[in-house]
Amino acid sequence: MKIRAIAFHTLKEAIRDRILYLILFFAVICIGFSRLLALLTIGDRVKVIKDVGLSSLSLFGALMAILIGTGLVYKEIDKKTIYTLLSKPIHRYQFLLGKFFGLVLTLFIMLLLMSIIFLALIFFHTFKIEWQMLIAILYIFLELCLITSVALLFSCFSTPILSSIFSFAFYLIGHTAWGLETLIIKIKPGFGKAVAQALYQFLPDLENFNFKTEIVLNLPIPPSIFLFSALYGIFYTLFVLTIALLIFRKKDFI
Amino acid sequence: MAIALNIEDLHKTFSLGFIPKKTKILKGISLSVNQGEIFGYLGPNGAGKTTTIKCILGLIFPDKGKIELFGHSYLSLQAKAQTGFLPENPYFYDHLTASEFLYFYSQLFLIKKKEREEKIKHLLQIVGLEPSADLQLRKFSRGMLQRIGMAQSLLNDPSLVLLDEPLGGLDPIGRKEIRDIIVKLKEEGKTVFLSSHILQDIEMICDRVAIIVNGEIVNQGTLKDLISEKILFTEIDLSGVEEKELKNLGESVTKKAGRILLRVSKEENVEKVLELVQSKKGKVHSLIPRTETLEDLFVGMVKQK
Ligand SMILES: Nc1ncnc2c1ncn2[C@@H]1O[C@H](COP(=O)(O)OP(=O)(O)OP(=O)(O)O)[C@@H](O)[C@H]1O
Ligand SMILES: [Mg+2]
């Protein structure tokens, strides 16, 4: 109940943010641009649109999550609105979860908007609504939830700009974790290998949420992989939220 | 009498700066506020008033010490449900209108949906913001923000209200209005804890005060106990008498257009001055006995430190 009130308040505040619409604007341009690319391609034109479209959804969704998420808690502290809010009978975890769900809700709405444009574009090519795209989008959404929790974690103790840089690094490394894996195989045993291995264990593999290729090429995907990816996303998000809460719980609002 | 707020031996250290350096902000604060009274918390800038209030609200965690609100631990939701808080220099979500803002906060209390609208209307009326109910908070003046802050602190009909400089930034009329609200809260049986610099206001409404200087309570008690009612001196504004005739009765403070402002320290001299003026067919324009004020006490305390 209290979490819901804070979540809706956060949603209201977030959708007023101009940055959101700027990113949305670029996302739409990118999705539209895929049409141009498709014209230049020989062969399966729709495939290009799907590929570029889904990548745009993931990238711009992540940008929204990071740029708005990192400002969320910081703004409340900076403008001191958090003083009266936390003096009400709420627990600090309720505040943090309210912020989290508010942003997740915002991202859900934005993703929905982008998806509608994306599906419409495909429709003009194939005259079919390609519902299987929604599976890929659903996993993008799970990824965005995880990134939101990371952005929230950073915003509990650092400024929006620093948090944004950290969160974006998280996103990039998360998508290139497979590179780390090949590195581990090639590297000689020793200190370097241990560090690489530790990093690999700790950092998430965001490619787990990437079903682009399979969906676009209509390849079969075993259900166990779906299940694993979903659980992976949920537990990693919970894990990050727990750390954020542990930091937030003991924080002094000087 | 039941105790609303009890603080014992509160210590707080801040570690500030790029290379953290520890500064003691609160050095063992102890005070207790009785139910139903207006308690004034006085101190110069930077003494630690706001820090104490933030500790009570659980916004910062003390290093050491005990805080109890109505016998509950201060961090419990029961304690918070009975508390209202107005921060110093209040600032709120500026994209919301006054009533939207109060509605948001009312959701954080367990106020029934039906009662919310009614309650918000009532509070806006109390603080005199009814005409601005649908105005965005970004368009509010400093005084209006103070009032909406007051309104939000009363949403839950609290038993204890913590007000951090409730009269700061207000014009004389605004000050009087807020002061009236505070007195009314007391009449309703609520306990008010307020910090302020404006000594006359505190003097006018507070039952008891504590004075904090440099993170330590230097004095605490009822105003009567702290301030002696002994007359310090009497100021007499008179004319028609030569200055030198008054020489050993008192010292003249100013002399303008034949009028002399005389400060008389000994009480028996007041009579003598009056007799003298009468015999010389002079005139007494005013006669004001000055007792000790909170300001004298306050300045004395701060200087001692
Ligand atoms: N955000 C902050 N950063 C650094 N120091 C702070 C901060 N807030 C308070 N302090 C320090 O803590 C001490 C106590 O501050 P506090 O705000 O409690 O004083 P106060 O009694 O409320 O003063 P005022 O009457 O000016 O409001 C001050 O010496 C101040 O230097
Ligand atoms: Mg203060």
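In this report, the structure presented in the accompanying data block is examined.

1. Some thoughts on the overall build of chain A
Looking only at helices and strands, chain A features 11 helices and zero strands. When the helices and strands of chain A are listed from N to C terminus, the series reads α-α-α-α-α-α-α-α-α-α-α. Taken against the 2.2 N^0.38 rule, which gives 18 Å for 254 residues, the C-alpha radius of gyration of chain A at 20 Å falls within 12% of a compact globule. Taking all 254 residues of chain A together, 49% fall into the buried category.

2. A word on the interface of chain A and chain B
Across the boundary between the two partners, chain A contributes 28 residues, which contact 29 residues of chain B. Taken together, the two surfaces of chain A and chain B that pack against each other cover about 2800 Å², and 66% of this comes from carbon and sulfur. Summed over the shared surface of chain A and chain B, the number is one salt bridge. Here Lys-12 of chain B and Asp-252 of chain A are joined by a salt bridge, their closest N and O atoms 2.6 Å apart. Where chain A meets chain B, there are 11 residue pairs in polar contact (both at pLDDT 80 or more). Sorting the residues of the side of chain A that touches chain B by element identifies α1 (2-14) and α4 (81-87) of chain A as the ones contributing at least two each. Considering each element in turn, the side of chain A that touches chain B owes the most residues, seven residues, to α4 of chain A. For the side of chain A that touches chain B, the residue count by class is 11 nonpolar, five polar and 12 charged.

3. Some points on helix α4 (residues 113-126) of chain B
Residue and element names in this part refer to chain B. For α4, spanning 14 residues, the distance from its first C-alpha to its last is 21 Å, which sits close to the expected 20 Å at 1.5 Å a residue. Taken together, the buried positions of α4 are occupied by Arg-116, Ile-120, Leu-123 and Leu-124. With its buried residues spanning 95 degrees around the axis, α4 presents them on a single face. Among the exposed residues of α4, those oriented more than 90 degrees off its buried face are Lys-114, Glu-118 and Lys-121.

4. A closer look at the packing of helix α3 (residues 45-78) of chain A against helix α6 (residues 133-155) of chain A
Residues and elements named next belong to chain A. Between α3 and α6, whose axes approach to 8 Å, the crossing angle comes to 25 degrees. What the angle tells us is that α3 and α6 run roughly parallel. Every pair of crossing elements has a handedness; the one defined by α3 and α6 is right-handed. Residues belonging to the contact of α3 with α6 are distributed by class as follows: 16 nonpolar, six polar and two charged.

5. Describing the site of ligand 1
Taken together, 15 residues are adjacent to ligand 1, and Gly-46, Lys-49, Thr-50, Thr-51 and His-197 of chain B come closest. Taken together, the residues near ligand 1 originate from chains A and B. Residue Thr-51 of chain B places a side-chain N or O atom 2.5 Å away from an oxygen atom belonging to ligand 1. In the model, an oxygen atom of ligand 1 is placed 3.4 Å from a nitrogen or oxygen of the Glu-165 of chain B side chain. Taking 620 Å² as the accessible area of ligand 1 by itself, protein coverage stands at 65%. Only β1 (3-16) and α1 (49-56) of chain B provide two or more residues apiece to the shell around ligand 1. Top element by residues in the shell around ligand 1 is α1 of chain B. It accounts for three residues.

The rules behind these values
- Residues numbered from 1 in each chain as written.
- Chains lettered and ligands numbered in written order.
- Predicted model: local features only at pLDDT ≥ 70, side-chain atom pairs only at ≥ 80, totals over all residues.
- Heavy atoms only, no water.
- Helix = DSSP H or I, 4+ residues; strand = E, 2+ residues; numbered from the N terminus.
- Rg over C-alpha atoms; globule rule 2.2 N^0.38 Å.
- Buried < 20%, exposed > 50% of the residue type's maximum accessible area, 1.4 Å probe, protein only.
- Contact = heavy atoms within 4.5 Å.
- Buried area = accessible area lost by both parts, 1.4 Å probe.
- Salt bridge = Lys/Arg side-chain N within 4 Å of Asp/Glu carboxyl O.
- Polar contact = N/O pair within 3.5 Å; in protein donor to acceptor, adjacent residues only side chain to side chain.
- Nonpolar A, V, L, I, M, F, W, Y, C, P; charged D, E, K, R; others polar.
- Expected span 1.5 Å × (residues − 1).
- Arc of directions from axis to C-beta.
- Axes fitted to C-alpha atoms, helices over the stretch in contact; angles between N-to-C directions.
- Parallel < 35°, antiparallel > 145°, perpendicular 65-115°, else oblique.
- Left-handed = near helix turned anticlockwise from the far one by under 90°.
- Near = heavy atom within 4 Å.
- Areas by Shrake-Rupley, 256 points an atom, 1.4 Å probe, with all protein chains shown as cover.

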